[in-house]
Structure formats: C-alpha cells, structure tokens
Amino acid sequence: MSHTFDEAIAVEIARPDAFASQTHPAYANMVGPFGGVTAGAVVQALRQHARSQGEPAALTVNYVAPIADGPWQLVVEEVRTNRSNQHWLFRILQDEQVVTTGSMVLATVRDTWGATELAPPSVAAPEEIPAAEPIIPLAWLSRYQMRFVAGVPPVKPGPGAADSTTTLWIRDNPPRPLDFASLTAMADCFFPRVFLRTGALAPAGTISLSVYFHATTDELAAVGEDYLLATARGGRFGHGLFDQSGELWSRSGTLLATTTQLVYYKDPA
C-alpha cells in the first residue's frame, strides 16, 4: 500500500512543463492544505521532470493565496542550466488564477572540502520523550509523530513565553523512508512562533518558505524511517510579520536542511 504522503504529493504530467495534482484531505490545514505538503509536491514534480539535473539545493515557495480543496496545476520553467546547477521558476494555478509562485535550484553533487559550523541541540533520544497528541484539531498534524523537547505550543490562552524556540523530534506517521519531498514538508512542521510568544492561537500563516538542502540522497537514505531533530526560532515580531529560522538534523548529528520563513499574523482577539 502507498503511504498517504506519497498520495498527497502525487503529480501527473499534464503537458510539457506542466503537472496536475490535487489536495489531499489527510493534509488539510486551517485554510487549504498544509504548506509543507504543497512544497513537497513541487519538489516531487521537478525531480521527475525529463530535464531535471542534479539534486535539490534550494527551494523558495511564496504562498500568494490559499489553495482551495481540489485540483491544481503546476507550471514550471527552466531558466538556466549550468555545469554545476540548474534554475527553475514555477507557478501553481487554480481556475487559471496564480495561488503560489517560487523557484528551485538543483545542483550536481561534488566531492569538496566541507564543514558544519552549526551544532544540533543537546537533547534526549526520541524514545525517552512522550509522543505529543495533536494540539490543534488539524488533519495534517496527525500525519506526523512529534515528540517535543522544548517550546510546546499553547493549548489554551495563557502568558506568553520570553523565547520562541521550539525543538522536537519528528517523523512521518506511519514511518516512511526520508527523501527530499518529505524533508521539504518537515521543514514546515513548526507552528507559528507568535503562538508561543503571545500565549494565544492568533490567526497566522506562512507568506514565504525557503528550504536549503545540505543532505545528499545517500545521507537521506541513511536516515531511513528514523526521527529528525527539528528546531526553530523567531527573529523579530512586529507590524503583522515575523521571520523564522530553523534546522533539521539526523539523529547522528548530520545537518540535513536549514529553513527560513516570513509569516503574517494578527493580534490575539
């Protein structure tokens, strides 16, 4: 049987440089689908493109408008292919209206000098941390196993926290071997940082999501179905917007991806 995530990111070639897909009820969010699964579908499509060259290096998704339940179309454009990288632009349309725009860079994996200056948080193993029940009744939250280390989102209104950092172990539910599409989706697993700072579940949503892929296909295969350690924090909150930066690590301490977001929010009622 296919995994629900694979069903949710499935795309079909509609015509040259265009793919057809549709939303999946298992990944429903407050308004439209979980943004991570939409981003994962884009990665899936471009990986399948006949002219695709290299592995994912960078992805930016701009959520122009909510995607309604139902079919949508992805239109892609190859901008330039160099010896070491390939650049794409894309749009998602519904009823001939643009609802999402973005870009993606694929890069040829090369054996060069390397180093990691960041360090993963020092935390207990996922087996030592209780599994969290979905805090908000949203379908997509049930598609992940989450074990919070710090920064649990508020269940009901209360005092805000002095720090917006959240750290958790996460994997697909049921477990699924990690690949670029699922890594992309998990990069969007963090609830809005403003929830933690204000202590309230105010309206909020991602405007722009970027994911920078540091892992190779072999490094993702080494993770298998294991948990990832994910951590994120806000930078500045104000004027209805805040930024977020995060990292996703393997249990062995390999930095798999970094991510940034720009998020809009409203003051709690």
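Just so it is clear, the structure is predicted and the values come from calculations on it, not from any experiment.

Q: Account for the packing of aromatic side chains, with residues named and values stated.
A: Applying the stated rule across the entire model yields 8 aromatic pairs. Seen from their ring centres, Phe 5 and Tyr 27 are 6.0 Å apart, and the 70° between their planes marks the pair as edge-to-face. Taken as a pair, Phe 5 in helix H1 (residues 4–8) and Tyr 27 in the loop between strand E2 (18–22) and helix H2 (35–48) lie far apart in primary sequence, 22 residues in all. You'll find Phe 5 and Tyr 27 in the same group, each marked buried. Taking 6.0 Å as the distance between ring centres and 45° as the angle between the ring planes, the aromatic pair formed by Phe 242 and Tyr 265 counts as tilted. Note that Phe 242 is positioned in strand E11 (residues 241–249) and Tyr 265 in strand E12 (residues 255–265), a separation of 23 residues in sequence. A network of ring pairs unites the aromatic residues Phe 34, Trp 140 and Tyr 144 as a single cluster. Sitting over the face of the ring of Phe 191, Arg 193 holds its NZ or CZ atom 4.5 Å from the ring centroid. The side chain of Arg 251 reaches across the aromatic face of Trp 169, ending 5.9 Å from its centre.

Q: I'd like to hear about H2, residue by residue, with values.
A: With 14 residues, H2 extends 20 Å from end C-alpha to end C-alpha; this agrees with the ideal 20 Å at 1.5 Å per step. Every buried residue belonging to H2 is among Gly 35, Gly 36, Val 37, Thr 38, Ala 39, Gly 40, Ala 41, Val 42, Val 43, Ala 45 and Leu 46, and all of these are buried.

Q: Can you explain the pattern of salt bridges? Please cite residues and give values.
A: Counted by the stated rule, this structure contains 7 salt bridges. Across the pair Arg 251 and Asp 226 runs a salt bridge, and its minimum N-O distance is 2.8 Å. A residue pair is termed long-range when its members are at least 10 positions apart, and Arg 251 in the loop between E11 and E12 and Asp 226 in the loop between helix H5 (217–223) and strand E10 (228–238) qualify at 25 residues. Overall, Asp 226 belongs to the partly exposed group, its relative accessible area being 24%. Linked by salt bridges that have partners in common, Asp 6, Arg 176 and Asp 179 make up one network.

Q: Any chance you could break down the pairing of E12 for me, citing the residues and the numbers?
A: The element E12 is largely enclosed, with a buried count of 8 among its 11 residues. The pairing of strand E9 (residues 204–213) with E12 spans 9 bridges and is classified as antiparallel. Considered in E12, the bridge of Phe 213 is made with Ala 257. One ladder, built from 9 bridges, connects E11 with E12; its direction is antiparallel.

Q: Describe the nonpolar core, naming the residues involved and giving the relevant values.
A: Core analysis: the biggest nonpolar cluster contains 66 residues, and Tyr 27, Leu 59, Leu 74, Tyr 144, Ile 170, Leu 183 and Leu 228 have the highest contact counts within it. Considering each element in turn, this core owes the most residues, 7 residues, to H2. Listed in part, the 6 residues of the second largest apolar core include Ile 129, Trp 169, Tyr 227 and Leu 255.

Q: Could you give an account of the environment of Ala 204, with specific residues and numbers?
A: The residue Ala 204 is located in strand E9 in this model. Given a relative accessible area of 16%, Ala 204 falls into the buried group. Along the sequence, Ala 204 and Ser 52 sit 152 residues apart, while their C-alpha atoms lie 35 Å from each other.

Rules behind the numbers
Residues numbered from 1 in each chain as written. Predicted model: local features only at pLDDT ≥ 70, side-chain atom pairs only at ≥ 80, totals over all residues. Heavy atoms only, no water. Phe/Tyr/Trp six-rings, centres within 6.5 Å; stacked < 30°, edge-to-face > 60°. Helix = DSSP H or I, 4+ residues; strand = E, 2+ residues; numbered from the N terminus. Buried < 20%, exposed > 50% of the residue type's maximum accessible area, 1.4 Å probe, protein only. Lys NZ or Arg CZ within 6 Å of the ring centre and 35° of its normal. Expected span 1.5 Å × (residues − 1). Salt bridge = Lys/Arg side-chain N within 4 Å of Asp/Glu carboxyl O. Pairing = 2+ DSSP bridges. Core = buried A, V, L, I, M, F, W, Y, C linked by side-chain atoms within 4.5 Å.

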